[in-house]
Amino acid sequence: MGRHSLPDEYGTDAPDPRPHTRGRTVAIAAALVLTVAAGTAVAARSDLLSFGGSCHDDTVELDVVAAPAIAPALRAAADDAREKEVTSDGACIDVRVTARDSYKVADELRTGQGDPGYDVWVPDSELWLQRVGLGGKQDRVSPAGNIASSPVGMAMVPAASENLGWPEKTYSWPELTGAAMQGDKLRLGAADPARSATGLLALAKLSASAKKSGGKDGDTQAAGMAKALSARTSDSDSQLLDTLARDSSGTEQGNPRRNQALILSEQAAFKHNASAGEENSLDMFYPKDGSPRLDYPYTLVQEDELSTDQSRAALRFMTLFSDEEGRAILEKHGFRTGAEAPSEKLVTAAGGRTPQPYDDEAIEPPSEKDLQETLGMWTITVQSARLSTVVDVSDSMGELVPGRGQTRMEVTKSSLLQALAGFTDEDEIGLWEFATLLDGERDYRKLVPTERLGDRKGDGTQRDKVSEAFSDLAPIPGGATGLYDTTLAAYKEATSTYARGKFNALVVLTDGANQDPGSLSRSNLIAQLENLSDPKRPVPLIAIAVGPNADKEEVKQIAEATGGSGHQVDDPAQIHAVILKAIMEAGSHG
């Protein structure tokens with residue numbers, strides 16, 4: 001995907017160190033827990049950390065990369081530590097802070113290649129640590145705790161907020177988003193969820209609330225709101241703030257490129273208001289169904305390669321943010337620093353007022369699965385998708401799923417229908433089925449061509465045709481699995497009908513290995529797929545092995561030949577989530 005970037009303000013509340021498995025880390029983390037819980041005196045008595053005194057001509061240098069929003073606060077703390085000659089084990093700590101977008105650092109660490117060149121990373125949200133894990137390199141980052149936090153809400157220029165009854169009137173996320181999207185007089189902007197934690201956390205909460213309140217239409221409602229938001233998305237929070245109407249003049253307010261409402265963190269609104277003046281300051285809505293938090297995890301990078309002195313110095317620097325002076329620095333920059341209610345001064349400066357629920361307890365953060373589904377939905381909503389779906393209808397799809405009382409096919413159909421609800425009318429979806437010898441000598445049969453879901457087809461739409469075809473899928477008695485020939489034929493068609501400007505992909509669902517003795521070999525299939533694959537016209541194959549008899553390694557090898565991904569699910573009910581996860585991963589590479 002082309003556009004995307006990330007906000008820079010998060011933190012949970014009080015530092016929350018976590019235990020690690022390696023020996024040295026356990027010792028350090030345990031000491032850090034004592035430091036945070038009982039004060040610096042405990043660590044001093046343990047002789048692990050020194051809190052001042054002479055530098056003994058020694059200096060431990062630390063390189064810290066931080067989200068742009070919190071980097072100035074970290075620099076201020078580093079300057080303060082340098083001036084006061086704060087030490088760790090008798091050596092002064094010299095901290096150098098560089099601001100970098102969190103999504104860029106996450107993508108860099110996810111590749112797992114080379115020395116990153118920094119010892120500590122402070123992204124704006126833990127979701128970026130999850131992103132690093134997508135590459136299987138979770139051991140490269142070791143979170144030690146959270147140093148600050150900032151809730152995400154919706155900020156508006158005064159004229160817009162007054163029209164919506166601020167501050168007395170409160171709204172849920174779907175209500176607030178809907179109100180901010182009605183007509184052309186109020187325009188709502190957001191940072192790209194693929195690159196912005198602020199944007200992604202807000203979208204995940206909006207989607208969850210829409211599904212909860214919208215019943216069976218919740219997915220469609222969430223996708224519709226995401227589609228509308230995508231038209232006014234900026235790459236980053238800083239760029240998003242540049243889209244605000246600059247004054248209350250008719251020229252500025254009527255400019256279609258200007259926004260009157262933004263999805264922002266409290267800290268971003270605080271920073272804006274500090275220099276905007278009263279007329280151009282923002283008022284903050286805190287949704288009544290909960291404000292997700294940016295939580296700024298303090299994270300050691302490749303800690304097993306850090307020296308003991310570096311590890312201790314890194315944790316020494318972190319403890320500065322649990323004392324009064326460190327918290328004051330963070331609060332001066334607009335961050336919350338504890339589990340207790342935020343200071344009224346900070347909230348007021350950010351544009352918050354009673355009875356807006358700004359002091360409500362932090363809501364449960366979205367799960368990794370929820371975030372993956374939200375990003376997958378965003379990818380296909382923003383870019384529009386062209387997906388050709390190929391489903392195994394061999395005899396074994398009629399077997400029961402343990403613990404469900406339904407067959408693999410029945411659960412698969414239900415999951416596919418659930419996935420279909422998340423696509424918009426601009427998306428293109430088609431369907432093939434396959435077993436062996438379904439159409440003469442062919443192992444496959446084309447049921448619905450891949451076309452736009454909103455197009456009229458007789459008495460209904462393409463969506464209706466696809467939905468009906470999904471519902472009619474049934475196992476073929478005695479049918480085997482003609483995987484190789486079908487995959488090659490479907491991929492040839494998907495690449496030859498490539499649609500520019502859309503996310504193109506082929507989805508193949510199978511519950512078994514290839515069972516057609518007369519088909520081409522796996523190596524021949526992979527070679528032909530590699531030859532057909534074109535990075536300039538990407539069509540990743542998303543191959544999903546369903547059930548215990550499916551060969552995960554086989555589908556993984558086949559899919560990776562196209563730049564796609566292979567997955568295995570024991571329960572077909574997981575298909576919907578896996579498709580969205582795969583789309584998100586493929587979309588992040590595009």
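Residues numbered from 1 in each chain as written. Predicted model: local features only at pLDDT ≥ 70, side-chain atom pairs only at ≥ 80, totals over all residues. Heavy atoms only, no water.

(A) Geometry of unusual backbone geometry. In this chain, W166 is followed by P167 through a cis amide linkage whose omega measures 0 degrees. With respect to the element layout, P167 can be found in the loop between α6 (158-163) and α7 (173-180). A cis geometry characterises the amide bond from T354 onward to P355, with omega recorded as 10 degrees. Following the sequence through the fold, P355 ends up in the loop between α15 (344-350) and α16 (368-383). Despite not being glycine, Q302 shows a phi value in the positive range, around 50 degrees. Within the secondary structure layout, Q302 lies in the loop between β12 (297-301) and α13 (308-319). Overall, Q302 belongs to the buried group, its relative accessible area being 11%. The phi torsion at L437 lies on the positive side, around 50 degrees, for a residue other than glycine. Take L437: its relative accessible area is 55%, and that puts it in the exposed class. (Helix = DSSP H or I, 4+ residues; strand = E, 2+ residues; numbered from the N terminus. Buried < 20%, exposed > 50% of the residue type's maximum accessible area, 1.4 Å probe, protein only.)

(B) Up close: the confidence of the model for the chain. Here the chain averages 85 in pLDDT, and 86% of its residues register 70 or above. In the predicted structure, residues 1-53 sits below a pLDDT of 50 and forms 177 contacts with residues beyond four places in sequence or in another chain. (pLDDT = per-residue confidence, 0-100. Contact = heavy atoms within 4.5 Å.)

(C) Summary view of the pairing of strand β18 (residues 503-510). β18 sits mainly inside the fold: eight of its eight residues count as buried. What you see with β18 is no split at all: F503, A505, V507 and L509 on one side and N504, L506, V508 and T510 on the other are buried throughout. When strand β13 (residues 385-392) meets β18, the two strands line up parallel, connected through seven bridges. Among the inter-strand pairings, V391 is bridged to a residue of β18, identified as L509. Viewed along the sheet, the connection from β18 through helix α20 (residues 522-532) into strand β19 (residues 541-546) turns out right-handed. (Pairing = 2+ DSSP bridges. Right-handed = clockwise from strand over helix to strand, strands pointing away.)

(D) Structural detail: helix α4 (residues 102-111). Listed as buried for α4 are S102, Y103, V105, A106, L109 and R110. On an axial view of α4, the arc spanned by its buried residues comes to 160 degrees, and they lie on one face. Phi for G112, located one or two positions after α4, is positive at around 70 degrees. (Arc of directions from axis to C-beta.)

(E) α20, seen in detail. Within α20, the full set of buried residues consists of L525, I526 and L529. In an axial view of α20, the angular spread of the buried residues amounts to 95 degrees, which keeps them on one side of the axis. The exposed set on the far side of α20, more than 90 degrees from its buried face, consists of S523 and N531. In this structure, the buried residues of α20 make contact with α19 (483-496) and α21 (552-560).

(F) Just the layout of surface pockets, in detail. Each pocket or cavity is described by its volume, and for the largest pocket that value is around 360 Å³. Around the largest pocket sit 22 residues that line it, and A204, A208, K211, D370 and T374 are the ones nearest its centre. For the lining of the largest pocket, the elements supplying multiple residues, two or more each, are α8 (197-214), α16 and α22 (575-589). Take the lining of the largest pocket: its biggest share by element is six residues, from α8. (1 Å grid on protein atoms, 1.4 Å probe; cavity = no way out; pocket = protein on both sides within 12 Å on 5 of 7 lines; lining within 4 Å. Points joined across faces, edges and corners; volume = space filled by probe spheres on them.)

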